Amino acid sequence: MTESGNEASLGRKRNDLDRQGLDALLQALEPDRELAGLKYEELRRRLINLFTWEQCEAADDLADDTLNRLARKVMEGTVIPNLDRYAFGIARLLMQEEGRRKRNRQSLVLEVQDGTERSANWDSLDAMDQCLAALPQDRRELIERYYVEDRAALARAFGISVNALRNRAMRIREELLKCVTRRRDDS
Amino acid sequence: MVNRDDMIAYLLHQMPETERAAFAERWFTEPDLYERLQMTEAELLDDCARGKVSRGQRRLIEQYLLGSEFQRRKMDFAAALQSAIPSPRTSRVPWWAVAAAALVASIGVSLWLGIENRRLQTEVASIQPAAQRVADGVYAVAIPSQTLRSAAAENSIRLPAGIQILRLELELPPGGDRGVYSATLLAGSRAVWNEGPFYPESRGTASVATIWIPASAAILGPGEHAVRLDASGSPSAYYRFTISR
């Protein structure tokens, strides 16, 4: 991703994180601006997973709030030896504030029946076909055989351990997920 | 060393609270563990989309892993991947088939190829949707689960004149009967009709979801369509077909 591309992406997601705060946080994450952007996105995604797995509502907002607070601490000159650990501490505080583990099964059912969601599913299917077709032949073959064949036999055929096969397949799956998400968001 | 069961216990909230808090901090600060946790979640969702989890585990997945748009997109991806690369059916190969294969092999590769070619042709023919007019104004089409991966062109349905209802009998993927279902008909990117809740019925070793779609031109116009089956609120299979009149 280019630097400008990174910044545009960050700009969409950082909400009320002001320019100065964002600069300070990016600098603390990594001196190289482009790598810092990637690290920021990765940290944000990890935070969303944390809030989601902890059953918090509005995980995106909570992730942005965490990053805002983290940026503020960096700007204030707080000594932070481990940004990940510090971010986790902020996230834990936010979860306590949020009164976590609120779930509403009913709203999930209603949301799933929403029209936008249906469109997204159809788009996913088309995007999946395109992304599978765009994979290099060897990677496509591996992921297809991984889901179809006996995995121990397949690992033997490739001359690798079952665990190594699993790692390879899951990396290709992750690649597909990114491709499908990108195509669906672009359409 | 954290094993896969521990990670599943974390994701499905089956871990004591004190352990859970410590584990969360650990994965958050250890990139390798985070990667393995993501892989475990992906496999759980894959298994769920492929009907390979128990009823109880599926309930936990729905309760703890599908509670947000962010998570449902992951499940949506797993369902699309299942549709593109479906798991094979498990079937027992009879002894005589093994013997026949050995005999064929001994006769010669070219003969075997000829037989195999014919078998494949028969198989392709057998997965075409079986269609018949079952009553006045009702046209029934059965779509087997093997065709989940197929292009819509392979499931071509020509609606005769005067048909008012299309009855689709959708064979569920193996292990796919998971309680309450709903169905949504998609035309392009539009949802044009839905039905549910309903329960699939057992037919021999398979489970079949039967849906009744009004055959009006507004709903079933010529072109590509797909039916998405949702099991307990999450996508479980897509059936693609082309309508012509």
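Fair warning: this is a prediction, and the values are worked out from it, not measured in the lab.

(A) Inspection of the overall build of chain B at higher detail. Secondary structure assignment for chain B yields seven helices and 10 strands. Restricting to contacts in chain B with at least 6 residues of sequence separation, those with at least 24 account for 65%.

(B) Inspection of the overall build of chain A at higher detail. Across its full length, chain A holds 10 helices and zero strands. Each of the 187 residues in chain A was classed as buried or not, and the buried ones make up 32%. Considering only contacts within chain A whose residues lie at least 6 apart along the sequence, 62% involve residues at least 24 apart.

(C) Looking closely at the sheet that holds strand β3 (residues 156-158) of chain B. Residues and elements named next belong to chain B. With respect to topology, five strands assemble into an open sheet ordered β3-β10-β9-β5-β6, the strand pairing being mixed. The open sheet has two edge strands, β3 and β6 (190-198), and neither has a second partner. For this sheet, the mean inter-axis angle between neighbouring strands, taken without regard to orientation, is 25 degrees. Looking at chain direction, β3 and strand β10 (residues 234-244) are connected through three bridges and run parallel. What sits directly across from Ser156, in β10, is Thr242.

(D) Layout of unusual backbone geometry. A positive phi angle, near 65 degrees, is found at Gln55(A), a position not held by glycine. Given 19 C-beta atoms within 10 Å, Gln55(A) falls into the partly exposed group. Backbone geometry at His13(B) places phi at a positive 55 degrees, although glycine is not the residue there. Looking at the secondary structure, you find His13(B) in the loop between α1 (4-11) and α2 (17-29).

(E) Representation of the packing of helix α8 (residues 137-148) of chain A against helix α10 (residues 162-186) of chain A in the model. Residue and element names in this part refer to chain A. Two elements in contact, α8 and α10, have axes separated by 10 Å at closest approach and are oriented at 110 degrees. Considering their axes alone, α8 and α10 lie roughly perpendicular with respect to each other. The interaxial crossing formed by α8 with α10 has left-handed handedness. For the pair formed by α8 and α10, the contact residues are Arg139, Leu142, Ile143 and Tyr146 on the first element and Leu165, Arg168, Ala169, Ile172 and Arg173 on the second. The class makeup of the residues in the contact of α8 with α10 is six nonpolar, no polar and three charged.

(F) Quick look at the pairing of strand β5 (residues 181-187) of chain B. Residue and element names in this part refer to chain B. The buried fraction of β5 is high, at six of seven residues. Summarising the sheet, β5 and strand β9 (residues 223-231) pair through seven bridges and their orientation is antiparallel. Bridging from a neighbouring strand, Ala187 pairs with His225 of β9.

(G) Geometry of the packing of α2(B) against helix α3 (residues 31-49) of chain B. Residues and elements named next belong to chain B. In contact at an axis separation of 5 Å, α2 and α3 are set at 105 degrees when each is read in the N-to-C sense. Comparing their axes, α3 and α2 come out roughly perpendicular. Contacts between α2 and α3 pair Arg26, Trp27 and Phe28 from the former with Leu33, Tyr34 and Leu37 from the latter. Per-class residue counts for the contact of α2 with α3 are five nonpolar, no polar and one charged.

(H) Representation of the nonpolar core in the model. Within the largest apolar cluster, 53 residues are counted, with the highest numbers of intra-cluster contacts made by Met128(A), Ala78(B), Ala80(B), Leu170(B), Val227(B), Leu229(B) and Tyr239(B). Those residues within four positions of Leu170(B) in sequence are excluded, and the remaining contacts are Ile143(B), Val208(B), Ala209(B), Val227(B), Leu229(B) and Tyr239(B).

(I) Broad picture of helix α4 (residues 55-65) of chain B. Along α4(B), the positions that sit buried rather than exposed are Arg58(B), Ile61(B), Glu62(B), Tyr64(B) and Leu65(B). In this fold, the buried residues of α4(B) make contact with α1, α3, α5 (69-84) and β10 of chain B.

(J) Representation of the environment of Ala209(B) in the model. All names here are of chain B. If you trace the backbone, Ala209 turns up in strand β8 (residues 206-214). Given 26 C-beta atoms within 10 Å, Ala209 falls into the buried group. Through-space distance from the C-alpha of Ala209 to that of Ala142 is 9.9 Å; in sequence the pair is 67 residues apart. If near-sequence neighbours (up to four positions away) are discounted, Ala209 is found in contact with Leu170, Leu172, Tyr181, Ala183, Pro200 and Leu229.

(K) Broad picture of the confidence of the model for chain B. Residue and element names in this part refer to chain B. On average, residues of chain B score 76 in pLDDT, and 74% of them reach the 70 mark or higher. Confidence, expressed as mean pLDDT per element, reaches its minimum in chain B at helix α7 (residues 109-126) with 47 and its maximum at α1 with 95. At the level of chain-chain contacts, confidence expressed as ipTM amounts to 0.77, with global pTM at 0.60.

(L) How the structure looks around the confidence of the model for chain A. All names here are of chain A. On average, chain A scores 80 in pLDDT, and the residues at 70 or more come to 78%. Averaged pLDDT values over the elements of chain A bottom out at 38 in helix α6 (residues 105-112) and peak at 94 in helix α3 (residues 33-53). Taken as a whole, residues 1-9 scores under 50 in pLDDT and shows seven contacts with residues more than four places along the chain or in a different chain. Every residue in residues 103-120 scores below 50 in pLDDT, and together they form 19 contacts with partners more than four places removed in sequence or on other chains.

(M) Quick look at the environment of Lys74(B). Its place among the elements puts Lys74(B) in helix α5. By the C-beta count within 10 Å, which is 21 here, Lys74(B) ends up buried.

(N) Highlighting the environment of Ala215(B). Residues and elements named next belong to chain B. Take Ala215: it is sitting in the loop between β8 and β9. Separated by 76 residues in sequence, Ala215 and Tyr139 have C-alpha atoms that sit 9.1 Å apart. The residues touching Ala215, leaving out its near neighbours within four places in the chain, are Leu159, Ile163, Gln164, Ile165, Leu166 and Leu220.

What counts, and where the lines are drawn
- What you see as residue numbers is a count from 1 along each chain, following the sequence as written.
- Chains carry letters and ligands carry numbers; both start at the beginning, A for chains and 1 for ligands, and go up in the order they are written.
- Totals for whole chains, interfaces and linings use every residue, but because this is a predicted model, local features are given only for residues with pLDDT of at least 70 and side-chain atom pairs only at 80 or more, for both listing and counting.
- By the criteria applied, helices consist of DSSP H or I runs no shorter than four residues and strands consist of E runs no shorter than two, each listed in order from the N terminus.
- Residue pairs qualify as contacts under a 7 Å threshold applied to their C-beta atoms, which are placed from the backbone.
- With C-beta atoms placed from the backbone, a residue counts as buried when 20 or more other C-beta atoms lie within 10 Å of its own, as exposed when 12 or fewer do, and as partly exposed for counts between those limits.
- Pairs of strands are assigned from DSSP output, requiring at least two bridges between the strands.
- Note on geometry: axes are lines fitted to C-alpha atoms, helical ones only across the stretch in contact, with angles between N-to-C directions running from 0 to 180 degrees.
- By definition in this entry, angles of less than 35 degrees are roughly parallel, angles greater than 145 are roughly antiparallel, angles of 65 to 115 are roughly perpendicular, and the rest are oblique.
- Left-handed describes a crossing whose near helix is turned anticlockwise from the far helix through less than a right angle; right-handed describes the clockwise counterpart.
- Here the nonpolar group is Ala, Val, Leu, Ile, Met, Phe, Trp, Tyr, Cys and Pro; Asp, Glu, Lys and Arg are the charged ones; every other residue, Gly included, is treated as polar.
- Put simply, a nonpolar core is a cluster of buried Ala, Val, Leu, Ile, Met, Phe, Trp, Tyr and Cys residues tied together by C-beta atoms within 7 Å.
- pLDDT measures how confident the predictor is about each residue, on a scale from 0 to 100.

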